[in-house]
Amino acid sequence: PTLEGLEAAHKLNIIHRDIKPANIFLTDGTMAGPRVRILDLGLAKDLVHDDELTSSDQMVGTPSYLAPEMFLGPQTRRWAPTADVFACGMLTFRMLAGGLPFDRSVANLTPIEQFLARAEFYQTVDEMPGPAQYVPSIPEPIDAVVRKAICLTVGRRYQDAGEMLAELRRAMRGEEQRSSSAPNRQWRA
């Protein structure tokens, strides 16, 4: 549902810019509409109708979920749907693995030190690990979707939430088919 909401926003050329667990709300089912809702649109921007997105020296969002390109210099800091995709990938990584790839190395640092550690992390790794590196039972097709969503190279990442959603659905269908042919294997997304 989070990807569905972002897909609708991306089709309207709106990016959220702060996808994180605190901004995903699960209703109790008594409210009308979808059970999962995306909150806090205070940083959302319209890519077509806003002339000034964010000043080049300003960074917005939550560092744990910010795309690596946002840690680079102001001249390269361009907001696009790929930044939301990266955040969704990190959110999915956290749901599957119980933490983020760099959580183990920054747990005891101050927020500023964590920010700097993440920037350094992105500059020192060639490829992001997938959640299956931490939880080997995660099926490879699901792991591949997350790895592509959190790819450090913007051009190799899903270009919007709709692309990621379509690929995740294909991966989950493939896992359901494998699970039905192997009765001892259970996978739930």
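Everything discussed here concerns the structure shown above.
Below: a short report on this structure. (Residues numbered from 1 in each chain as written. Predicted model: local features only at pLDDT ≥ 70, side-chain atom pairs only at ≥ 80, totals over all residues. Heavy atoms only, no water.)

**Quick look at the packing of helix α2 (residues 81-97) against helix α5 (residues 140-149)**
Okay, so step 1: Two elements in contact, α2 and α5, have axes separated by 8 Å at closest approach and are oriented at 140°. Considering the angle they form, α2 stands oblique to α5. Every pair of crossing elements has a handedness; the one defined by α2 and α5 is left-handed. Residue-level inspection shows Val85, Phe86, Gly89, Thr92, Phe93 and Leu96 of α2 in contact with α5, the latter providing Ile142, Val146 and Ala149.
Okay, so step 2: A breakdown of the residues in the contact of α2 with α5 according to their chemical character gives 7 nonpolar, 2 polar and no charged. (Axes fitted to C-alpha atoms, helices over the stretch in contact; angles between N-to-C directions. Helix = DSSP H or I, 4+ residues; strand = E, 2+ residues; numbered from the N terminus. Parallel < 35°, antiparallel > 145°, perpendicular 65-115°, else oblique. Left-handed = near helix turned anticlockwise from the far one by under 90°. Contact = heavy atoms within 4.5 Å. Nonpolar A, V, L, I, M, F, W, Y, C, P; charged D, E, K, R; others polar.)

**What about the pattern of salt bridges?**
Okay, so step 1: Counted by the stated rule, this structure contains 7 salt bridges.
Okay, so step 2: Between Glu69 and Arg157 there is a salt bridge, with its nearest N and O atoms 2.9 Å apart. With Glu69 in the loop between β4 (45-46) and α2 and Arg157 in the loop between α5 and α6 (161-181), this pair connects stretches of sequence that are 88 residues apart. Judged on exposure class, the residue Glu69 and its partner Arg157 are both buried.
Okay, so step 3: With a closest N to O distance of 2.2 Å, Arg147 and Asp143 form a salt bridge. (Salt bridge = Lys/Arg side-chain N within 4 Å of Asp/Glu carboxyl O. Buried < 20%, exposed > 50% of the residue type's maximum accessible area, 1.4 Å probe, protein only.)

**Some remarks on α5**
Okay, so step 1: Looking at α5, one finds that the buried residues are Ile142, Asp143, Val145, Val146 and Ala149. Seen from one end, α5 has its buried residues packed into an arc of 155°, which puts them on one side. (Arc of directions from axis to C-beta.)

**Some words on the packing of aromatic side chains**
Okay, so step 1: Summed over the entire model, instances satisfying the criterion amount to 3 aromatic pairs.
Okay, so step 2: Both rings, one in Phe86 and one in Tyr122, keep their centres 6.0 Å apart while their planes meet at 80°; by these two values the pair is edge-to-face. Of the two residues, Phe86 sits in helix α2 while Tyr122 sits in helix α4 (residues 111-124), which places them 36 residues apart along the sequence. Tyr122 shares its class with Phe86; the two are buried.
Okay, so step 3: With a centroid separation of 5.8 Å and 70° between ring planes, the pair formed by Phe93 and Tyr134 is classed as edge-to-face. In this pair, Phe93 sits in helix α2 while Tyr134 sits in the loop between α4 and α5, placing the two residues 41 residues apart along the sequence.
Okay, so step 4: On the accessibility criterion, Phe93 (0% relative accessible area) is buried.
Okay, so step 5: Assessed through its relative accessible area of 28%, Tyr134 is described here as partly exposed.
Okay, so step 6: Aromatic ring contacts, followed pair by pair, group Phe86, Phe121 and Tyr122 into a single cluster. (Phe/Tyr/Trp six-rings, centres within 6.5 Å; stacked < 30°, edge-to-face > 60°.)

The analysis is restricted to geometry; functional conclusions fall outside its scope.
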